[in-house]
Amino acid sequence: MLILSIDTSADETSVAITSERRVISHVEYTQIKTHSQWGGIVPSIAKRAHAERIDYVVEKVLKQAGKQVNRPLTAADMDYIAVTYGPGLAIALEVGIIKAQELARKYGKKIIPVNHMEGHIYSSFAQNSNGAPERAFHFPFLALLVSGGHTELVLLTDHIHYQILGQTVDDAAGEALDKAAKMLGFGYPGGPIIERLAEESANKDYHRFPRPMLRSKDLNFSFSGLKTAFLYGTNKMNDQEKASKSRMYFSSFQEAVFDTLVKKTDKALEQTDIKTLTVGGGVAINKRLRELLRNLLKKKRGTVYFPPYKYLTGDNAAMIGIAAYYKLQKGITIEADQTLDRVPRLSLEKDLIIR
Ligand code: KG4
Ligand code: ZN
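This structure is a prediction, so every number in the text was calculated from the model and none was measured. (Residues numbered from 1 in each chain as written. Chains lettered and ligands numbered in written order. Predicted model: local features only at pLDDT ≥ 70, side-chain atom pairs only at ≥ 80, totals over all residues. Heavy atoms only, no water.)

1. With respect to the sheet that holds strand β5 (residues 110-115)
For the record, the criterion: Two strands are said to pair when DSSP picks up at least two bridges between them. In this text, helices come from DSSP runs of H or I with a minimum length of four residues, and strands from runs of E with a minimum of two, each type numbered from the N-terminal end. A fitted line through C-alpha atoms serves as each axis, taken over the contacting stretch for helices, and the angle formed by two N-to-C directions is quoted from 0 to 180°. Contacts are assigned to residue pairs that have any heavy atoms within 4.5 Å of one another.
The five strands lie next to each other as β3-β2-β1-β4-β5, forming an open sheet whose pairing is mixed. The sheet is open, and its two edges are formed by β3 (22-30) and β5, each paired on a single side. Direction aside, the axes of adjacent strands within the sheet are offset by 20° on average. This element, helix α3 (residues 90-107), spans β1 (3-7), β4 (80-86) and β5 of the sheet and lies at about 160° to β4.

2. Some remarks on the pairing of strand β6 (residues 141-146)
Selection rule: Exposed residues in this analysis have more than 50% of their type's maximum accessible area, buried residues have under 20%, and partly exposed residues fall in between, with area computed by a 1.4 Å probe over protein chains only.
Burial analysis of β6 places six of its six residues in the buried class, the great majority of the element. Where β6 meets strand β9 (residues 276-280), four bridges bridge the pair, whose relative direction is parallel. Note on β9: the bridge partner recorded for Leu144 is Val279.

3. What about the coordination of the zinc ion (ligand 2)?
Quick note on the threshold: Ligating atoms shown are N, O and S within 2.8 Å of the metal, or 3.2 Å for Na, K and Ca, and water is not included, meaning a site may look less than complete. A four-donor site is called tetrahedral if each angle lies between 85 and 135 degrees; a four-donor site is square planar, and a six-donor site octahedral, when trans pairs exceed 155 degrees and the remaining angles lie between 65 and 115; all other cases are labelled irregular.
For the zinc ion (ligand 2), the protein coordination sphere consists of His116 (NE2), His120 (NE2) and Asp315 (OD), at 2.0 to 2.2 Å. The site at the zinc ion (ligand 2) holds four donor atoms, and with the angles between them running 90 to 145°, its shape is irregular. Taken in chain order, the donor set of the zinc ion (ligand 2) reads H-x3-H-x194-D. Of the two residues, His116 and His120 are both situated in helix α4 (residues 116-122); the distance of four residues between them amounts to about one turn of the helix. For His116, a relative accessible area of 5% gives the class buried. Residue His120 is classed as buried on the basis of its relative accessible area, which comes to 1%.

It is worth stressing that arrangement in space is one thing and function is another; only the former is reported here.
This is the structure we're talking about:
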């Protein structure tokens, strides 16, 4: 059973072919260089770049999959077409949806609409074409989602049944890292830049920035006060000081963001008495965050899963194809000519298609 999946929610034009949990082929065309000069994603530029690349990416992924299975493949050989319909940038999402509908109509296929964040949850269960790693699903489990647009703690009681236990009330964790890097005049995206500089500073917590919301009983996050503390801490410095002290500041800032993530995750695991955690989203690639979460789950004698291959942490269509497979098991498909609107603020709890 083959699914061709498309994700154009932000700045990656990505298409994959999956079979159940196995990724047969995956192609993505990143626009990071185009957007980095603007210090963030410019929606109109993203839309145009997606539109220019999407046909090429679809063709390439089919060709690569053909090599994997030793026979030429076309879209006609697919069983379903999956596509991200939210959350994300409206005009960017639209490019993927239109392409999915076009392929579905042309080849008489049904569409599986997928929430980008459920893709990030399922990314930890992706397998290569040989079925590795095996990782079984043990419900209930918790998912910590940390990306540029989202910070969420999600409870899964079954496939595609999500309950959001906590989320950010302002900035997302990745967004906070991006903004801090920008404040000191470093590039976009800030997450990887801060990771590198913090590592050079031995991930030490020199400044002890505030840990927002830790005293609150709920499981929500807030990073905007921390961002302000960072701004106050650094804005009196001249350029030379910024350059010489940036490692210390970034290291401390990263520690504050991650400490908050870890402590809230700890609280969520305690409250639910759950011992299995999955982590997804662009920030999940960070080695320091992984170390802290591994330590936490070790202490609790539990298990933590990260996406098993690097390309699965950032945005990619492979995770969309995998989530689509489990939606299909619940009978969630739509006809090619049915209306499928993009939902830029789509929530995991308000998936219009399934409820
Ligand atoms: O999941 P993603 O690729 O896109 C969204 O759906 O938002 O996440 C992008 C976020 C950005 O904020 C970026 O700075 C962050 O992931 N990120 C990192 C690292 N690489 C990317 N954060 C921390 N450490 C990294 N190495
Ligand atoms: Zn994402």
